[in-house]
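# A look at the structure
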Amino acid sequence: MADCVSKVELSVSCSDLLDKDVGSKSDPLCVLLQSDGGKNWTELARTEQVKNSSSPSFSQRLRLQYHFETVQKLKFAVYDIDNSTSDVSDDDFLGGVELTLGQIVSSKTVSRPLQLKEGKPAGKGTITVSAEEIKDNRAIVLELEAKGLDKKDTFGKSDPFLEFFKQGADGKWQLVYRSEVVKNNLNPCWKKFTVPLQTFCSSDLEKEVKVNCSDHDSDGSHDLIGSFSTKVSELQKAAHGSPVAFDCIHAEKQKKKKSYKNSGVVCVKSCKLVAQYTFLDYVMGGCQINFTVGVDFTGSNGDPRSPNSLHFMSPDGMNQYLSALWSVGQVVQDYDTDKFFPAFGFGAKLPPDYQAAHHEFALNFNPSNPNCQGIEGIVEAYRMALPQLRLSGPTNFSPIINHVAGIAAAATQSNSASQYFVLLILTDGAITDLDQTRDAVVRASHLPMSIIIVGVGPADFKAMELLDGDDGVLRSTVGEAIARDIVQFVPFGQFADAPMSSLAHSVLAEVPSQLVSYFKMRGLDPTKPVAPKA
């Protein structure tokens, strides 16, 4: 019997968080993790960071699938973020709570005291999580500006930002979007932004939306400039060329001054409703996921004949390389109809001459047709090739990345959402050609391509974590920033005692969002459009 699956959106707020920063409040962020049924937790999503706040309301909603028949154990972990890296292990833990998704969905809103890792209360800190089923795939895209805002700063103008709220079922106002801050400007233009329509107004175009325009203060005591109310049906008038503007009203000023008109005007430059397609929309719309494997045969793996080698075959015919390949491949192969997968090795000398090391060779020794039939075919080619290779070096990633990128580039000529490429690299250590690899990854970020790296063995994988770039800072050697996050790195050792399905879940967690981000960046809808969800 198939699971009963729906999608839910979780909103998170906290109160009375511990203050970890000297002389100021914390800068909290909430991470959502899900249990694999054992000891491992996989991150699913995270909110934005709210600066200088002990009682933050996070505007970034957390989305996940709800399986009625499955107990989905979730952990909400709140951290005080003090650096620019995406790794929260070096940030202060403000408290967390474990809940099941069933508990949240059945109660709609759950509030719990936060606990520290040793089970002690995190002061008076609490967390509130609310759930809403997602039934709409539309989003609203808005671009706004303001004119003549009030000056709020003594030695400057104002640092304005916008906050949008909708009314929940309990009558309370819920934050649905917070804009960036425009520094020292009374006539700001904010960046265009997109919010799911269900998040923005519960998909009701006539539902009241409240907007606050405030002056940002670094200590968190933001000054209200003014407010107004509207609804999506009014905002949409901007799509037809009609001017849409709202007086920003400060209620206290309005009471005190009879001559008061407003504290500035907020204008809607553009507004449109668009479809937001999911990974499943693209796959069900005919998008093929093409899976390519690259295996590290450099000398640092050790002599395959030695039990200490990472390529050593145990009596059951397996090793860490094959375990990782099986785990990930079994999932990915279901999305590729022909089940023919190109498989390559790198860092080895080949028969018959065993001269220079090859950094991209067909695992089946057939350069004109490197395809293997299914995951079983890759495993068979690996087992056949291993005794014939001489492990060498260096560890160069860029040749195989550029190879797959070339195929992905050719696929873009169709200008349709029909092909996406996933490169799985299994490796034991540091990258020798890191600069060339950085350049290759940045170029590939403009293509329909994701790169998964599984680190095998106990080596230092800092270079892999740099490429992972979850904080968006990866740049090429000439300073070009990565267009979108396309690399996911996972060390195999973290899953040595866990079910192999846990590794696959962690390794593949980001691929769906990476695929969607590429086609969204290109403005490509599914090739066979899925009927809109009402």
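As a starting point, this report considers the structure included with it. No experiment lies behind these values; they were computed from the predicted model shown.

The next subject is the pattern of salt bridges. Within this structure, the stated rule accounts for 13 salt bridges. Between R46 and E43 there is a salt bridge, with the nearest N and O atoms lying 2.8 Å from each other. On the accessibility criterion, R46 (25% relative accessible area) is partly exposed. Here R305 makes a salt bridge to D303, at a shortest N to O gap of 2.8 Å. Under the relative-accessibility criterion, R305 is labelled exposed at 72%. Taken together, the salt bridges that share partners define one network made up of E9, R61 and R63.

The antiparallel open sheet is built from four strands, whose spatial order is β11-β10-β13-β14. A single partner strand is all that each edge strand has here, and the edge strands are β11 (173–178) and β14 (223–230). Averaged over all adjacent pairs, the angle separating strand axes in this sheet is 30°, with direction ignored. When strand β10 (residues 160–167) meets β11, the two strands line up antiparallel, connected through five bridges. Residue pairing for β11: F165 is matched across the bridge by L175.

For the rest of this paragraph, the subject is the packing of aromatic side chains. According to the stated counting rule, one finds 14 aromatic pairs in the structure shown. Ring geometry for F164 versus F193: centroids 5.6 Å apart, planes at 55°, classification tilted. With F164 in strand β10 and F193 in strand β12 (residues 193–196), the pair connects residues that are 29 residues apart, well separated along the chain. The burial state of F164 is the same as that of F193; both residues are buried. Where F291 meets F341, the ring centres are 5.5 Å apart and the plane angle is 80°; that geometry is what we call edge-to-face. Note that F291 is positioned in strand β17 (residues 288–296) and F341 in strand β18 (residues 340–346), a separation of 50 residues in sequence. By the burial criterion, F291 is buried, and F341 matches it. Among the aromatic residues, those joined into a cluster by ring pairs are Y277, Y282, Y420, Y518 and F519. The ring of F165 carries the charged tip of K210 above its face, separated from the ring centre by 5.6 Å.

Calculation notes
- Residues numbered from 1 in each chain as written.
- Predicted model: local features only at pLDDT ≥ 70, side-chain atom pairs only at ≥ 80, totals over all residues.
- Heavy atoms only, no water.
- Salt bridge = Lys/Arg side-chain N within 4 Å of Asp/Glu carboxyl O.
- Buried < 20%, exposed > 50% of the residue type's maximum accessible area, 1.4 Å probe, protein only.
- Pairing = 2+ DSSP bridges.
- Helix = DSSP H or I, 4+ residues; strand = E, 2+ residues; numbered from the N terminus.
- Axes fitted to C-alpha atoms, helices over the stretch in contact; angles between N-to-C directions.
- Phe/Tyr/Trp six-rings, centres within 6.5 Å; stacked < 30°, edge-to-face > 60°.
- Lys NZ or Arg CZ within 6 Å of the ring centre and 35° of its normal.

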